[in-house]
Amino acid sequence: MIVIDPASPVPPFEQLRAQLAAQIQDRTLAVGTRLPTIRRLAADLGLAVNTVGRAYRELEEAGLIETRGAAGSFVSAAGEQGRERARRAAAEYAAVIASVGLDTTEAVRIVQAALTRGVPEPG
């Protein structure tokens, strides 16, 4: 539950950001949990849409949530560590693609297919 104290010297966006970050870090909000839309949360808390939007942006920049376009915002699986791991995997994948001579279009199709079907865990 999020509670915004209008009498607090802490700005509302920071109160919201800090409370959501704490709930993500203590796993009250589990990985993959879909967060309310910015408009809905703003209405529920009596805040401006821009206030909630700023809190969400800062959480995303910290790697705690990820926004998937129209699908909404979700609690991120691994924050910045996960992003760095993905960057390393992408660099390795790009090297493999270059070494086998596939073009960029085919490489992207392979990734899209893997994301759509899911990638099985190594045995």
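The structure under discussion appears in the preceding block.
Keep in mind the model is a prediction, meaning the values are calculated, not measured.

**Topic: the nonpolar core**
Next, step 1: Core analysis: the largest hydrophobic core is formed by 18 residues, its most contacted members being Leu16, Leu20, Val52 and Tyr56.
Next, step 2: Among the secondary structure elements, those contributing two or more residues to this core are helix H1 (12–25), helix H2 (38–45) and helix H3 (49–61).
Next, step 3: Setting aside residues up to four positions removed in sequence, Val52 forms contacts with Leu16, Ile38, Leu41, Ala42 and Leu47.

**Considerations on the packing of H1 against H3**
Next, step 1: Interaxial distance between H1 and H3 falls to 8 Å at its minimum, and their mutual angle equals 45°. As the angle between them shows, H1 and H3 are arranged oblique. Between H1 and H3 the crossing geometry is right-handed. Here Pro12, Phe13, Glu14, Leu16, Arg17, Leu20 and Ala21 of H1 come into contact with H3, specifically with Thr51, Val52, Arg54, Ala55, Tyr56, Glu58 and Leu59.
Next, step 2: Grouping the constituent residues of the contact of H1 with H3 by class yields 9 nonpolar, 1 polar and 4 charged.

**Some points on the packing of H2 against H3**
Next, step 1: Following both chains from N to C, one finds H2 and H3 inclined at 120°, their axes separated by 8 Å at the closest point. The pairing of H2 with H3 is recorded here as oblique in orientation. Classified by chirality, the crossing of H3 by H2 is right-handed. Across the interface between the two elements, Ile38, Arg39, Leu41 and Ala42 of H2 pack against Val49, Val52, Gly53 and Tyr56 of H3.

**What to know about the side chain of Gln23**
Next, step 1: Mapped onto the elements, Gln23 comes out in helix H1.
Next, step 2: With near-sequence residues (within four places) excluded, Gln23 lies in contact with Met1, Ile2, Thr28 and Leu29.

**What about H1?**
Next, step 1: End to end, H1 covers 20 Å across 14 residues, agreeing with the expected 20 Å (1.5 Å per residue, within 8%).
Next, step 2: Within H1, burial applies to Phe13, Gln15, Leu16, Leu20, Ala21, Gln23 and Ile24.
Next, step 3: Taken from the residues just after H1, Arg27 is the one with a positive phi, measuring 65°.

Procedures and definitions
- Residues numbered from 1 in each chain as written.
- Predicted model: local features only at pLDDT ≥ 70, side-chain atom pairs only at ≥ 80, totals over all residues.
- Heavy atoms only, no water.
- Core = buried A, V, L, I, M, F, W, Y, C linked by side-chain atoms within 4.5 Å.
- Buried < 20%, exposed > 50% of the residue type's maximum accessible area, 1.4 Å probe, protein only.
- Helix = DSSP H or I, 4+ residues; strand = E, 2+ residues; numbered from the N terminus.
- Contact = heavy atoms within 4.5 Å.
- Axes fitted to C-alpha atoms, helices over the stretch in contact; angles between N-to-C directions.
- Parallel < 35°, antiparallel > 145°, perpendicular 65-115°, else oblique.
- Left-handed = near helix turned anticlockwise from the far one by under 90°.
- Nonpolar A, V, L, I, M, F, W, Y, C, P; charged D, E, K, R; others polar.
- Expected span 1.5 Å × (residues − 1).

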